[in-house]
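Report on the structure
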Amino acid sequence: MPFSLLNFKALAPEIFLVLVASFMVLFDRAIRAKDFFFWTALLGTLVAWWLCRTSLGISFGESYTADHYGFFLKTIFLLSLFLSILISPVYARRRGFHFGEYYGLLYFAVCGMMLMASGTDLLLIYIGLELMSLSIYVLVAVDWRDPRGLEGGLKYFLLGSLASAFLILGLAIIYGRTGTLFLARIHQHLSVDPAVLAGIAFFLVALGFKVAMVPFHMWAPDAYEGAPTPVTAFMSVAAKAAGFAALGRIFLLAFASAHPMWIKLLVPFAVLTMFVGNILAVVQTNIKRMLAYSSVAHAGYILLGIAAGTREGLSAVLLYLFIYAFMNIGAFGIVTLLQREGGVGESIYDYQGLARLYPFPALLMLLFMFSLTGIPPTAGFMGKFYLFRSVVHAGHPWLAVLAVLASVIAAYPYLRIVMFMYMREPEREIQPASSLSLWAALGISALGVLVIGLYPGSLLHAVMGSVF
Amino acid sequence: MIPLQWYLYLALALFAVGLFGFVSRRNVIIVLLCVELMLNAVNIALTALGTALEDVTGHIVVFFVIAVAAAEAAIGLSLVVLIYKRFREVHLDEVKMLKG
């Protein structure tokens, strides 16, 4: 990999995203045909991915490392951005936020995520996290006429800024003990003492907020329910992946020598997250809240992969995040399809008899629900299998047993939706808001779920080569 | 010369005050102030550590934190303005449409 102090080529995708985003925000007033921004955003995503592929390298001293780990995560961010953009227009037009700033903010958020995934400097990771979070706070409240969006945005904002205060406190402690902010040098200078452990704990709390780790998940259901559904789809996948990207880099690179200490901290949180997320998902009647608690539970499974502390564990985390992008955005795509003004189509009872009314959307929802449960031959099964196997190989078989138990609880909320769709009579008829782009997103997601489930070979190979 | 520890104790005390305010106060404006207090407490610690370690990194981080805090305040206050227009209230207990 080429190395220089100012290697702007390594930063090409981020620079590109910021330029396009600034263009979309600045020229929103000048351009009347708002579909232009949709196509620009869609095309720009592909260009950004191509730039990520071609520009690997190290830049700004050791601050920024565009390696294969970063590239794989950037692929996940851009994939979820692409799918979220595809499901946006039909919803955004109806609610009146189909304008340039919306797509611009999505771009800024992804730029922040990319800095988190490739940052090898705590300061850069902090800046990336803030860029991502600040953009997403606004996105949650982008439909400013909707009081639920405002409330969700405010709650997310307040708890998120608390988390960033913890992050910067942890940063100060680690800086004080090691005298550096570069991850590789922290690894060299790290000596485990109570102050360092407190710093590590603060980092875990701050990033735990971002990935919705119990007990720092309180914002998640409200923000997910309040946010416009395409934004919910985007933040439930991409923001989570970015949080895990930073967790993986910081904990497995900088704090690697403290692994025996932080695993004791992380495992209780991970187990709690799995069970609380799944048990609370059981009692939800709003589909967005149900999916929010399910995403909390999925964060718990993924945390186990980090806790394993091995290369295999980290590669299983990457695999799971990639699969999660397809199945979760697919599920939210179906929610977007059926959602109507005034909360219609948001209750799980609105899914009763869907198979009789609209067999094809029901079939797709069945596929995504099976995948989220982890039933073969869907991709969700592959993700869970490799994740739990890595936990067993790392020497924690009882953790894998607990994870499987949690997945059994998780089957109830998902399969209840399937049962409603296929075994109940329809109560009221909902016209799906179909559009070509929404169907494209659903098609890509369904294809992803099926193809990865049946032929995971090449993806597994790519994932194994993506771990630092 | 004041020893480094005193600065760190001051920073931790201010952070604790901010955290306590964050969890106990229900007025959104006050809660935002408490977040600022926590960030600036860490800024004191970073400045002191940078000076003690004779390393400029700590001071640089402070500038970044100030810039980010400004952006955060801008977004937070605009959310508060929108909330006020909608609910005529900036009290967290009154803004409760969602279940959580």
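Below is a summary of the structure that appears in this document.

Quick notes on the rules
Residues numbered from 1 in each chain as written. Chains lettered and ligands numbered in written order. Predicted model: local features only at pLDDT ≥ 70, side-chain atom pairs only at ≥ 80, totals over all residues. Heavy atoms only, no water. Helix = DSSP H or I, 4+ residues; strand = E, 2+ residues; numbered from the N terminus. Rg over C-alpha atoms; globule rule 2.2 N^0.38 Å. Contact = heavy atoms within 4.5 Å. Lys, Arg positive; Asp, Glu negative; His and termini not counted. Charge placed at Lys NZ, Arg CZ, Asp CG, Glu CD. Buried area = accessible area lost by both parts, 1.4 Å probe. Salt bridge = Lys/Arg side-chain N within 4 Å of Asp/Glu carboxyl O. Polar contact = N/O pair within 3.5 Å; in protein donor to acceptor, adjacent residues only side chain to side chain. Nonpolar A, V, L, I, M, F, W, Y, C, P; charged D, E, K, R; others polar. Phe/Tyr/Trp six-rings, centres within 6.5 Å; stacked < 30°, edge-to-face > 60°. Buried < 20%, exposed > 50% of the residue type's maximum accessible area, 1.4 Å probe, protein only. Lys NZ or Arg CZ within 6 Å of the ring centre and 35° of its normal.

1. Regarding the overall build of chain A
Each helix and strand in chain A was counted, giving 19 helices and two strands. Whereas a compact globule of 468 residues would reach a radius of gyration of roughly 23 Å, chain A reaches 21 Å, a difference of no more than 12%. Within chain A, contacts between residues separated by at least 24 positions form 82% of all contacts whose residues are at least 6 apart in sequence. Across chain A, 28 positive and 21 negative side-chain charges occur, with their mean positions spaced 3 Å apart.

2. Concerning the interface of chain B and chain A
With 37 residues of chain B in contact, the opposing surface of chain A contributes 40 residues. A buried area of about 3,500 Å², summed over both sides, lies between chain B and chain A, and 81% of it is on carbon and sulfur atoms. Linking chain B with chain A are zero salt bridges, by the criterion used here. Scanning the region where chain B abuts chain A turns up four residue pairs in polar contact (both at pLDDT 80 or more). Contributing elements (two or more residues each) for the side of chain B that touches chain A: helix H1 (4-24), helix H2 (28-53) and helix H3 (57-87) of chain B. The element contributing the most residues to the side of chain B that touches chain A is H3 of chain B, with 15 residues. Partitioning the side of chain B that touches chain A into residue classes produces 27 nonpolar, five polar and five charged.

3. Things to note about the packing of aromatic side chains
Residue and element names in this part refer to chain A. For the structure shown, the criterion picks out 28 aromatic pairs over all chains. Taken together, a centroid distance of 4.3 Å and an interplanar angle of 15° make the contact between Tyr156 and Trp219 stacked. Linking Tyr156 in helix H6 (residues 147-178) with Trp219 in helix H9 (residues 219-226), this pair joins segments that are 63 residues apart in sequence. According to the relative accessible area criterion, Tyr156 is buried, its value standing at 2%. Judged by relative accessible area, which is 3%, Trp219 ranks as buried. Through pairs of rings, three or more aromatic residues link up here, namely Phe38, Trp39, Tyr91, Phe97, Tyr102 and Tyr103. Positioned above the aromatic ring of Trp144, the side-chain terminus of Arg145 is 4.6 Å from the ring centre.

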